[in-house]
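# Per-entry structural report
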Amino acid sequence: MRGGITKLQAILIAVIVVVAAAVGTYVAFVSVPRAVPRLEVLKIGVQGPMTGPAAYAGRDFMNSYRLKLEEIGGKIMGIPVELIPIDCESDPEKAVRAYERAIMVEGIHVGACGWHSSVHLALMDVWAANKFPHIAHFGAAHTILEKFRSDPEYYKWTVAKWWPVPEKLFVAYVEVIFSAVERGIIKPKTRSISIYVEDTDWGRSAGKTIAAAFEKRGWKVASFDVGAIDETDHVPVLTKVKALNPDVFFGTWTSAIAGTSLVKQIREVGLRAIVIMDGLGWIPQWYEMTGEASDYVIDMIPGYATPEAKEFARKFEEKYGYYPPPSSAGLAYDNAGFAFAVIEEVLRRTGGVWDEEARELVVKIVREERFEYREGILMECYTEDPNDPPDLVVGEGYYIFPVIQYFGGQGRVIWPSAWAEAELVIPPWFED
Amino acid sequence: MDITSIIGAILSGLSRGMIYALMSTGLALILGILNVPNFAQGEFYMIGAYLSWFSLVYLGFHPVVSLIIALSITFIIGMACDRALFRPLRKLGGREWLLNVFVFTLGLSVIFQNTALVVVGPLYYATPYIWGPEVINILGARISIDRLMIIFVASIVISALWIFLKYTKLGRAIRAVAQDSEAASLMGVNIENIYMITFSIGCALSAIAGALMISITPVYPMVGSIPTYKSWFVIILSGLGTIGTCIPMGVLLGIIETLGALFASEGWQNVIYLVIACIILIFRPYGIFKRGVVKGIWER
């Protein structure tokens with residue numbers, strides 16, 4: 001057999017091939033559990049409006065995340081952590097582009113945080129398409145839950161929605177107003193409410209919730225207006241509202257320019273109503289923009305009540321030079337703690353590897369295993385509601401916001417009664 | 001709807017309209033004389049607002065002083081921009097000047113916005129009021145002193161500009177350049193200086209608008225975008241490059257917006273004026289106040 005191989009050589013080659021295949025199979029599937037190496041750097045995408053009309057929230061998110069990361073030594077399970085900001089510019093379309101870029105180009109391993117409901121809603125498709133877990137987005141609107149319920153398996157990647165739907169929280173406003181009516185503190189003239197909210201999923205969802213709650217109690221909705229998120233001249237709408245003479249005015253704006261302008265212009269047009277301005281306290285330095293026009297305004301924000309919370313506020317102010325707004329900076333600090341704790345648990349189970357299984361584990365730990373975070377500074381316990389995911393459990397001992405009333409730039413708790421520092425005070429012009 | 005609400009909306013529209021008038025007069029001045037469609041006009045509004053906030057809130061100056069500071073520093077920045085950026089482009093651009101400058105001012109706008117983002121950050125700066133917290137009652141409608149002062153100061157500034165253009169030697173030179181730059185040059189007018197001064201006046205008008213608005217619209221890097229496009233809308237409807245007609249058109253736009261919000265809803269105000277704009281442009285493509293056929297401004 002000139003130029004060929006002998007029978008012995010053929011048998012030898014066959015044996016070598018079989019042995020190599022067997023060894024290869026063993027190495028691939030048995031001896032080494034994973035092909036993916038242990039992480040060298042863990043990249044966490046921190047989503048939020050870093051620029052644009054709600055840039056204050058993005059700044060607070062990043063500062064709180066950095067502070068929390070610094071406190072845990074910059075590492076999770078010994079792996080250095082890099083925080084990658086994902087700027088949505090308060091625009092869902094830009095958010096989608098920025099998030100896809102963060103996954104594809106920046107190579108983030110997991111996402112966390114976020115502010116707007118409309119952005120949350122848009123990003124749910126990005127997370128689902130990429131099978132990418134995102135922990136604790138603040139987007140609250142009811143439309144998020146509706147989208148999740150439309151296909152819970154497909155949209156499972158949004159976990160621990162950090163701000164519950166308005167109806168779960170706004171019960172408190174309704175309670176405050178109607179309890180004051182029952183006690184004769186408020187003597188309604190028209191038994192009506194005017195609603196003026198930002199034209200976003202959050203604003204509309206919040207407005208509809210309040211409208212339904214008041215209608216259920218026999219009041220009528222005198223007007224329901226929506227305005228652009230960055231609108232600053234509300235006088236025409238407020239002029240119309242004033243002519244309707246409502247007893248209660250409800251507004252909610254996530255944009256600093258719109259919210260503070262609205263509060264000032266309510267006083268300017270001389271609206272004789274009890275004003276609920278949900279979210280005014282989210283904005284840092286809001287009192288510098290509104291001045292005394294914010295007196296008597298009712299809002300709902302968490303506060304720094306415990307020694308740990310006060311210590312956080314002190315450290316934050318010392319490090320960044322401004323007082324941390326509880327609704328953005330304070331909640332983001334707990335948000336970071338929750339996200340880091342979940343990620344640590346995942347890494348502990350996977351031995352420092354971040355792959356498809358790790359991403360699935362994020363969802364499993366939070367949703368199926370009902371992960372509880374009790375080291376927060378604002379709420380006693382953060383845990384996903386098994387009956388209504390991805391919302392958190394709301395109520396005493398879990399997630400609850402006190403209702404406050406502002407005077408001289410300071411909020412006084414008026415609800416729940418167990419925490420109340422003062423009674424609701426009716427503005428003198430209401431009786432005129 | 002009661003009459004008081006309508007009066008209130010008209011007063012609010014008047015103050016809004018005077019801001020549009022100030023901005024669009026500056027824009028029309030620059031467009032009519034330099035042939036520059038200045039898309040960076042809003043950034044001078046932003047600079048004026050920042051300067052006003054800084055001098056009013058941070059340094060604690062009187063509102064009049066803060067207005068003068070905003071006006072004069074923006075005027076100097078305008079001079080520097082023309083000398084350093086537009087003059088070389090004018091010389092090199094030739095027949096392509098208009099297209100070049102169109103892209104150039106868009107780029108300038110982005111550069112100014114991002115520079116502000118880096119220098120002052122993305123946060124908002126505002127003050128509860130500029131002139132005082134008082135609210136005045138006019139025929140039953142309430143209007144804040146700040147809004148009244150917008151109407152008052154803008155009227156004074158526009159009147160002063162009109163007197164300057166009509167009765168001063170420099171003003172006559174500017175008008176001469178607007179009519180025929182070559183003839184004006186032959187008569188000894190320094191065209192380059194006129195261009196520089198005109199550009200700076202246009203920028204200063206925007207700065208005053210920004211400075212007057214800081215108690216209503218907080219200042220942030222992108223604050224000039226909406227006033228810019230509204231001003232473009234005003235000068236397109238009133239007739240490109242016609243200066244005097246920007247005032248009634250600006251006021252008209254302001255009042256249409258506020259009445260639209262009053263009778264329909266806040267969200268409808270933009271729809272209403274854009275529908276009106278489309279109708280006007282169909283019947284008078286050269287603008288409400290301009291006579292003649294449609295011509296490119298470079299053909300005039």
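This text follows the structure it describes.
Attention here is on the structure that accompanies the text. (Residues numbered from 1 in each chain as written. Chains lettered and ligands numbered in written order. Predicted model: local features only at pLDDT ≥ 70, side-chain atom pairs only at ≥ 80, totals over all residues. Heavy atoms only, no water.)

Bringing the overall build of chain B into the picture now. The secondary structure content of chain B amounts to 11 helices and 2 strands. Starting at the N terminus, the α and β elements of chain B follow one another as α-α-α-α-β-β-α-α-α-α-α-α-α. Its C-alpha radius of gyration of 19 Å places chain B within 12% of the 19 Å reference for a compact globule of 300 residues. Taken across its 300 residues, chain B has 54% of its residues classed as buried. The contacts of chain B with a sequence gap of at least 6 include a subset with a gap of at least 24, amounting to 74%. (Helix = DSSP H or I, 4+ residues; strand = E, 2+ residues; numbered from the N terminus. Rg over C-alpha atoms; globule rule 2.2 N^0.38 Å. Buried < 20%, exposed > 50% of the residue type's maximum accessible area, 1.4 Å probe, protein only. Contact = heavy atoms within 4.5 Å.)

A few words now on the interface of chain B and chain A. Between chain B and chain A, the contact holds 31 residues from the first and 37 residues from the second. Roughly 2,600 Å² of surface becomes buried between chain B and chain A when both sides are summed, with 55% attributable to carbon and sulfur atoms. Three residues stand out in chain B for area buried against chain A, namely L123, Y124 and E266 of chain B, and they jointly supply 25% of the buried area on that side. Our count for the chain B to chain A interface comes out at 3 salt bridges. (Buried area = accessible area lost by both parts, 1.4 Å probe. Salt bridge = Lys/Arg side-chain N within 4 Å of Asp/Glu carboxyl O.)

This next bit is on the pattern of salt bridges. Across all of its chains, the model carries 31 salt bridges over all chains by this definition. In this structure, the salt-bridge partner of K156 of chain A is E153 of chain A, at a minimum N-O distance of 3.2 Å. In this structure, E192 of chain B and R90 of chain B form a salt bridge, with 2.7 Å as the shortest nitrogen-oxygen distance. One end of the pair, E192 of chain B, is in helix α8 (residues 191-212); the other, R90 of chain B, is in helix α3 (residues 63-93), with 102 residues separating them in the sequence. Judged by relative accessible area, R90 of chain B falls into the buried class, the value being 14%.

Let's shift gears to empty space enclosed by the protein. Tallying each qualifying case throughout the model produces 3 cavities of 30 Å³ or more. Taken together, 14 residues line the largest cavity, and the ones lying closest to its centre are W115, H116, S117, W202 and T254 of chain A. Looking at the lining of the largest cavity, the elements with two or more residues in it are α4 (117-130) and α8 (201-216) of chain A. Of the residues assigned to the lining of the largest cavity, the class counts are 6 nonpolar, 6 polar and 2 charged. Within this model, the second largest cavity holds a volume of roughly 40 Å³. In terms of lining, the second largest cavity is formed by Y56, A256, I283, P284, Q285 and M289 of chain A together with L123 and Y124 of chain B. Tallied by class, residues from the lining of the second largest cavity come to 7 nonpolar, 1 polar and no charged. (1 Å grid on protein atoms, 1.4 Å probe; cavity = no way out; pocket = protein on both sides within 12 Å on 5 of 7 lines; lining within 4 Å. Points joined across faces, edges and corners; volume = space filled by probe spheres on them. Nonpolar A, V, L, I, M, F, W, Y, C, P; charged D, E, K, R; others polar.)

Now for the sheet that holds strand β3 (residues 79-87) of chain A. Residues and elements named next belong to chain A. In spatial order, the strands read β2-β3-β1-β4-β5-β6; together these 6 strands make up an open sheet with mixed pairing. For this open sheet the edge positions go to β2 (75-76) and β6 (158-159), each flanked by a neighbour on one side alone. The pairing of strand β1 (residues 42-48) with strand β4 (residues 110-112) spans 3 bridges and is parallel. Across the sheet, I44 pairs through a bridge with V110, a residue of β4. The sheet strands contacting helix α2 (residues 55-71) are β1, β2, β3 and β4, and the helix crosses β3 at an angle near 175°. Against the sheet, helix α3 (residues 92-106) makes contact with β1, β3, β4 and β5 (134-135), and its axis sits at roughly 150° relative to β3, the strand it touches most. (Pairing = 2+ DSSP bridges. Axes fitted to C-alpha atoms, helices over the stretch in contact; angles between N-to-C directions.)

The subject of this paragraph is the packing of aromatic side chains. All names here are of chain A. Considering all chains together, one arrives at 50 aromatic pairs over all chains under this definition. Between the aromatic rings of W286 and Y406, the centroid separation amounts to 4.5 Å while the plane-to-plane angle is 50°, which identifies the pairing as tilted. In this pair, W286 sits in helix α11 (residues 286-290) while Y406 sits in strand β12 (residues 403-407), placing the two residues 120 residues apart along the sequence. Pair check on accessibility: W286 and Y406 agree, each one buried. (Phe/Tyr/Trp six-rings, centres within 6.5 Å; stacked < 30°, edge-to-face > 60°.)

Next up on the list: a positive patch on the surface. The grouping of K189, K242 and R272 of chain A together with R142 of chain B at the surface amounts to a positive patch. Turning to its location among the elements, K189 of chain A is positioned in the loop between α7 (171-182) and β7 (192-198). (Patch = residues over 30% accessible without salt bridge, like charges linked within 9 Å, V, L, I, M, F, W, Y side chains within 5 Å. Areas by Shrake-Rupley, 256 points an atom, 1.4 Å probe, with all protein chains shown as cover. Lys, Arg positive; Asp, Glu negative; His and termini not counted. Charge placed at Lys NZ, Arg CZ, Asp CG, Glu CD.)

A word on the pairing of strand β8 (residues 220-227) of chain A. Residue and element names in this part refer to chain A. Both β7 and β8 contribute to a ladder of 7 bridges, which runs parallel. Paired with Y196 across the two strands is D225, which belongs to β8. Note that the unit made of β7, α8 and β8 has a crossover that is right-handed. (Right-handed = clockwise from strand over helix to strand, strands pointing away.)

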